Structures are given as C-alpha cells and as structure tokens.
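Descriptive analysis of the structure
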Amino acid sequence: MDYILGQRSGRCIFCPEGNDEGDAERLILYRGRLSVVMMNRFPYNNGHLLVSPRTHTPSLDGLSSEELLDLLKTLRRCLAVLRKTMTPDGFNVGLNLGTVAGAGVEAHVHFHVVPRWNGDTNFMTVFADVRVIPEHLQETYRKLLPHFAPGEDP
Ligand SMILES: [Zn+2]
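Below, the structure is looked at part by part.

So, on to helix 4 (residues 137-144). Within the span of helix 4, buried status applies to Thr 140, Tyr 141 and Leu 144. Buried positions in helix 4, seen along its axis, are confined to an arc of 105° and lie on one side of it. Taken together, the buried residues of helix 4 touch strand 1 (28-31), strand 2 (35-39), strand 3 (49-53) and helix 2 (65-86).

Quick look at the structure:
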C-alpha cells in the first residue's frame, strides 16, 4: 500500500532530503548516514516500520558491505525500540521484492518490520486490507521518535 505515498510528487519516499532529523509529516523517525527509518502510513499493524538504505537501488545487490551492515544494525535498533516501547510478542520482518511479492515501491529496497501481539489479527487477514490500527499514527510516531536520536550509531 505504500505505493500511494511513493507516487507523491513523483519522488521516491525513501530518498528524503535533509539530514539527521525526524520529520513528523513524512513519519520519518531516523535518518542515518547510510540508512533511514520511517513508519508505514498504511500499516499492517501498529508500529509497522520501513527500513531502507540511503542509496536508491531496487535490491540488496546494489549495496556495499558497509551499507548492508548499517541496514541490518538499523533494523536491529528498530526491533529494540519496538520491544521497549510497544512490548510485542514477536515480529514479521521481510523484504517484498517485485510487484508479484507485494512491493509498493520497487525502485528502492526496504525492509518491513511489523510487530505482532498474541491474539492480533492473522497476518494474511491483515494483508487482505482488514486492518485494525488501535493507535493513531502520529501518536505512535511521537512515542517512537525519542528512541531514534540523531547522530547515534545504529
Ligand atoms: Zn529512493
């Protein structure tokens, strides 16, 4: 569903201008030197984050070892922040590569991080657009943002 955002102004949502700051309007939580974290505006579950490299590339093949390491470290940080702030029982973490796999923004590779709670809606049901989002996006954004302090190593 994030393709809707991707088409805004014809610009890639994963290539935000600016440095080191959150951006409430675009739900950007973290801009590191090599990686970016934002909330999915069309979440599969509360706290659904998107983690992408700074480099505009469609697959992991286009990334250097340094970028890959930073991406995974940033992903690990997202899991830690979500664990601390939202106490989920588990996560779904994944890459959607290709339209057939459900990729919304194919041109810029990004990980989906979806927290899961015991008793939450079945993931496939969630994918079928029956989405239950108990917290407002901006409220979740404000809760998560302080945990992504700029300049810190992921
Ligand atoms: Zn991009």
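A word on the coordination of the zinc ion. Only Cys 12 (SG), Cys 15 (SG), His 56 (ND1) and His 108 (ND1) from the protein coordinate the zinc ion, and they sit 1.9 to 2.3 Å from it. Bound by four donor atoms, the zinc ion shows angles of 103 to 121° at the metal and therefore tetrahedral coordination geometry. Sequence spacing of the donor residues for the zinc ion, all on one chain, is C-x2-C-x40-H-x51-H. Residue Cys 12 is located in the loop between helix 1 (3-6) and strand 1, and its partner His 56 is located in the loop between strand 3 and helix 2; the two are separated by 44 residues in the primary sequence.

This paragraph deals with the sheet that holds strand 3. If you trace the five strands from one edge of the open sheet to the other, you get 1-2-3-5-4, paired in antiparallel fashion. Every interior strand has two partners, whereas the edge strands, strand 1 and strand 4 (90-95), have only one. Ignoring which end each strand starts from, the neighbouring axes of this sheet average 15° apart. Pairing between strand 2 and strand 3: five bridges, direction antiparallel. Residue pairing across strands places Val 37 opposite Val 51, the latter belonging to strand 3. Sheet strands in contact with helix 2 are strand 1, strand 2, strand 3, strand 4 and strand 5 (111-116), and its direction is about 160° off that of strand 3. Against the sheet, helix 4 touches strand 1, strand 2 and strand 3, its axis set at about 140° to strand 2.

Rules used throughout
- Residues numbered from 1 in each chain as written.
- Predicted model: local features only at pLDDT ≥ 70, side-chain atom pairs only at ≥ 80, totals over all residues.
- Heavy atoms only, no water.
- Buried < 20%, exposed > 50% of the residue type's maximum accessible area, 1.4 Å probe, protein only.
- Helix = DSSP H or I, 4+ residues; strand = E, 2+ residues; numbered from the N terminus.
- Arc of directions from axis to C-beta.
- Contact = heavy atoms within 4.5 Å.
- Donors = N, O, S within 2.8 Å, 3.2 Å for Na, K, Ca; no water.
- Tetrahedral: all angles 85-135°; square planar, octahedral: opposite > 155°, others 65-115°.
- Pairing = 2+ DSSP bridges.
- Axes fitted to C-alpha atoms, helices over the stretch in contact; angles between N-to-C directions.

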